[in-house]
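# Chain and residue survey
Each chain, letter by letter, is given below.
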Amino acid sequence: MRITQGEDFCAACVMGFLTKLPHSYALSPDAAAFLDRRSPMCIAGIHDFLAAPEFVALVFQDPAGAVRRGGAPGLANVAPDHPIWVRFARAMGPFMALDAKLVAEHAGDAPPRRVLDISASHGLYGIAFGKRFPECRITGLDWSAVVAVARENAAAAGMADRYDTIAGDAFKVAWGEGYDWVLVPNFLHHFDAPSCTAILRRAHAALSPGGRVAIVEWVPNEDRISPLVPALFAMTMLLTTPGGATYTAPELAAILADAGFSSPEVTPLVPTPLTLLVARAQ
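Throughout what follows, the structure given in this document is the object of discussion. (Residues numbered from 1 in each chain as written. Predicted model: local features only at pLDDT ≥ 70, side-chain atom pairs only at ≥ 80, totals over all residues. Heavy atoms only, no water.)

## Description of the pattern of salt bridges
So the rule is basically this: The term salt bridge refers to a pairing of a side-chain nitrogen on Lys or Arg with a carboxyl oxygen on Asp or Glu at a separation within 4 Å. Helix and strand assignments follow DSSP, with helices taken as H or I runs no shorter than four residues and strands as E runs no shorter than two, numbered in order from the N terminus.
Throughout the structure, instances matching the rule amount to 7 salt bridges. Between Asp109 and Arg132 there is a salt bridge whose closest N-O contact spans 3.0 Å. One end of the pair, Asp109, is in the loop between helix 6 (83-105) and strand 4 (114-118); the other, Arg132, is in helix 7 (residues 124-132), and 23 residues separate them in sequence.

## Side note on unusual backbone geometry
With an omega of -15 degrees, the peptide bond running from Ser226 to Pro227 counts as cis. You can see Pro227 is positioned in the loop between strand 8 (207-217) and helix 10 (228-240). Of note, the phi angle at Ser119 is positive, near 50 degrees, even though the residue is not glycine. With respect to the secondary-structure elements, Ser119 resides in the loop between strand 4 and helix 7. In this structure, Asn186 takes a positive phi of about 55 degrees despite not being glycine. Mapping Asn186 onto the fold places it in the loop between strand 7 (179-185) and helix 9 (193-206).

## Things to note about the packing of aromatic side chains
Spelled out, the test is: Pairs were defined over the aromatic rings of Phe, Tyr and Trp, the Trp ring being its six-membered one, requiring ring centres within 6.5 Å. Orientation was assigned from the angle between planes: stacked under 30 degrees, edge-to-face over 60, tilted for the rest. Throughout this description, buried means an accessible area under 20% of the type-specific maximum (1.4 Å probe, protein chains only), exposed means over 50%, and partly exposed covers the range between. The criterion for a charge sitting over a ring is simple: Lys NZ or Arg CZ within 6 Å of the ring centre, and within 35 degrees of the ring normal.
If you walk through the whole model with that rule in mind, you get 6 aromatic pairs. With 6.3 Å between their ring centres and 40 degrees between their planes, Phe129 and Phe133 make a pair best called tilted. Here the two residues Phe129 and Phe133 agree in accessibility, since each one is buried. Ring-pair connections join several aromatic residues into one group, and the members of that group are Phe129, Phe133 and Trp181. The aromatic ring of Tyr179 is capped on one face by Arg114, whose charged end is 4.3 Å from the ring centroid.

## Regarding the packing of helix 6 against helix 7
Just so we agree on the cut-off: Lines fitted to C-alpha atoms define the axes, with helix axes restricted to the stretch in contact, and inter-axis angles between N-to-C directions lie between 0 and 180 degrees. The labels follow the angle: roughly parallel below 35 degrees, roughly antiparallel above 145, roughly perpendicular from 65 to 115, and oblique for the rest. Throughout, a crossing is termed right-handed when the near helix is turned clockwise from the far one, and left-handed when it is turned anticlockwise from it by less than a right angle. Any two residues whose heavy atoms approach within 4.5 Å at even a single point are treated as in contact. By the convention adopted, Pro, Cys, Tyr, Trp, Phe, Met, Ile, Leu, Val and Ala count as nonpolar, Lys, Arg, Asp and Glu as charged, and the other residues, Gly among them, as polar.
It is at 8 Å that the axes of helix 6 and helix 7 come closest, and there the two elements cross at 45 degrees. Relative to helix 7, the element helix 6 is oriented oblique. The hand of the helix 6/helix 7 crossing is right-handed. Residues Gly93, Met96, Ala97, Asp99, Ala100, Lys101, Val103, Ala104 and Glu105 of helix 6 touch helix 7, and the partners they reach there are Leu124, Tyr125, Ala128, Phe129 and Arg132. Residue composition of the contact of helix 6 with helix 7, by class: 9 nonpolar, 1 polar and 4 charged.

## Concerning the pairing of strand 8
This is how the line gets drawn: Whether two strands pair comes down to DSSP finding at least two bridges between them.
In terms of burial, strand 8 is a largely internal element, 9 of the 11 residues being buried. Bridging between strand 7 and strand 8 involves 6 bridges; their strand directions are parallel. If you follow Pro185 over to strand 8, its bridge partner there is Val216. With 6 bridges joining them, strand 8 and strand 10 (residues 275-280) adopt antiparallel strand pairing. Its bridge partner being in strand 10, Ala214 is matched across the sheet by Val278.

## Quick look at the packing of helix 9 against helix 11 (residues 249-258)
With their axes 8 Å apart at the nearest point, helix 9 and helix 11 run at an angle of 50 degrees to one another. Put simply, helix 9 runs oblique to helix 11. Viewed along their axes, helix 9 and helix 11 form a crossing whose handedness is right-handed. Contact with helix 9, carried on its side by Ala193, Cys196, Thr197, Leu200 and Arg201, involves Ile255, Leu256 and Asp258 of helix 11 and no other residues of that element. Its residues assigned to classes, the contact of helix 9 with helix 11 shows 5 nonpolar, 1 polar and 2 charged.

## What to know about the environment of Asp161
Mapping Asp161 onto the fold places it in the loop between helix 8 (144-156) and strand 6 (163-167). By relative accessible area, Asp161 is classed as exposed at 61%. Spatially, the C-alpha atoms of Asp161 and Ile138 are 9.9 Å apart, while their sequence positions differ by 23 residues.

## Details of the environment of Gly158
Structurally, Gly158 can be placed in the loop between helix 8 and strand 6. Judged by relative accessible area, Gly158 falls into the exposed class, the value being 55%. Spatially, the C-alpha atom of Gly158 lies 9.7 Å from that of Gly130, the residues being 28 residues apart in sequence.

Encoded structure:
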């Protein structure tokens, strides 16, 4: 892609989004990969959710009040069948594709038979396991309108015949049992610690003996001001949830222990800002 307008693009060159050619401008390699809609790695669609009027109104309507109260109704007030959740699932898929692939790569070599993906959304975490382990059967759990997006993505990945779904509230609906892995990606930060313990106890009950839970989260250091992106994400949770937070690795380890799991293996998902924690059911 070449762009032929003039000096207005100089700032974009300085920031690395464009490269300057003798008589025109072109996308830099990174910009071409992540901002060109023809690229399979394009994440430009994320603005469909982050800039959605409903989301902007929730986040910015009363930030000072959220700080004073220690939380906000925010997204908790949005009905499960609201179109914004489908928009979220479609927008966030490309953004999480690399993280999903990295999680599956850290699953070891023993092929799982059954994997449950909690709050599946776009379904890419479970689908990544299905791609790596061709005999594995995946189940995605989310609201009915959202889990339909996961089914679409599974079909596009050639996995329609081994992708099952459960529709409903992860705290209430039956999960089944006998899973080798339960995936909990980008979910715990929406809730307070007791709620996180409750959901992980459900994961423990759903696993086969020795089964593993995989948690993907924005994990700040114990100083809570680094690394930059996970530390800043705490403010997003403050402004959009009643009791959500980012948790440090020791805090997540304590929650896992309360739910019956072993001490987790903690792996930064470099080059992304997310962290993987894997623990076995005891």
